[in-house]
Amino acid sequence: MDFLEGETLYFNKPLDWTSFDLVNKLRFKLSRKLNMKKIKVGHAGTLDPKATGVLIVCTGKATRRIESFQYQTKEYVATLQLGATTPSFDLEKDIDRVYPTEHITREKVEAVLSTFVGTIQQVPPVFSACKIDGKRAYDMARKGQEVKLNAKTLVIDELELLQFALPLLKIRVVCSKGTYIRALARDIGVALDSGAHLIALERTRIGDVTLDMCMSPNEIDDYLENIIT
């Protein structure tokens, strides 16, 4: 394999790692193994620290393909907790408000989920990498600054209820680039006349790349040892 000419690797990003943590780990190990000071490494499609799953990482000239990977359809399995919200819409921040859930039935959930299938408008979370006048929204939000983001058009191809056990819901989402599953959780909570936030999120597919094709960061050393002599 030629990592300078360009290779594409598939990883299962661990919980509480940033996408950049994984990229930096691979870059460091590649540099040591190849005895090079610099090698270009990048990822296609950021995963939040509280999310796990498929992360495509490109090296060398293959980083030119990153944009094409980003536009491919993505699939997620998400677990939502109903009846409570957090400022980040996930577990990064503590619960700030609680809501009733007694009125929520499986039938109501399925009816609400169906309304999100197709082309929709979604306002990204303020704790996101969206830019406002060149500044990251999450940097502004963490400093207590006011953040106002515009709605974006995106597509939800499939939205399936996998499990209903109040106050928890597990759903499968197939969607386009730019979809924030945290924001989808927020909007589902509102549509259910309650509140919701993510307590688990796993990306199970990007295009044709599925979890069973991915390696753990802990396997990088053995992987490089086997392919680089």
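For the structure given in this document, a descriptive report is provided here. (Residues numbered from 1 in each chain as written. Predicted model: local features only at pLDDT ≥ 70, side-chain atom pairs only at ≥ 80, totals over all residues. Heavy atoms only, no water.)

**Here we look at the packing of aromatic side chains**
One pass over the structure, following the stated rule, counts zero aromatic pairs. Above the plane of the ring of Tyr 71 lies Lys 177, whose end atom (NZ or CZ) is 5.2 Å from the centre. (Phe/Tyr/Trp six-rings, centres within 6.5 Å; stacked < 30°, edge-to-face > 60°. Lys NZ or Arg CZ within 6 Å of the ring centre and 35° of its normal.)

**Examining the environment of Gly 195**
Residue placement: Gly 195 occurs in the loop between helix H5 (181-191) and strand S12 (196-206). The class of Gly 195 is buried, set by a relative accessible area of 2%. Sequence separation between Gly 195 and Val 23 is 172 residues; the distance between their C-alpha atoms is 35 Å. Leaving out residues up to four positions away in the same chain, Gly 195 has contacts with Gln 81, Leu 82, Gly 83, Ala 84, Thr 85, Tyr 99 and Gly 189. (Helix = DSSP H or I, 4+ residues; strand = E, 2+ residues; numbered from the N terminus. Buried < 20%, exposed > 50% of the residue type's maximum accessible area, 1.4 Å probe, protein only. Contact = heavy atoms within 4.5 Å.)

**With respect to the pattern of salt bridges**
This structure, assessed with the given rule, holds 11 salt bridges. Between Glu 225 and Lys 33 there is a salt bridge, and its shortest N-O distance comes to 2.9 Å. One end of the pair, Glu 225, is in helix H6 (residues 220-227); the other, Lys 33, is in helix H1 (residues 19-34), with 192 residues separating them in the sequence. Residue classification places Lys 33 among the partly exposed positions, given a relative accessible area of 32%. Residue Arg 172 is joined to Glu 75 by a salt bridge in which the shortest nitrogen-to-oxygen separation is 2.8 Å. Within this pair, whereas Arg 172 is found in strand S11 (residues 168-175), its partner Glu 75 is found in strand S4 (residues 74-82), the two being separated by 97 residues in sequence. Accessibility expressed as a relative area gives 17% for Arg 172, which makes it buried. Sharing partners across several salt bridges, the network here consists of Glu 75, Glu 158, Glu 160 and Arg 172. (Salt bridge = Lys/Arg side-chain N within 4 Å of Asp/Glu carboxyl O.)

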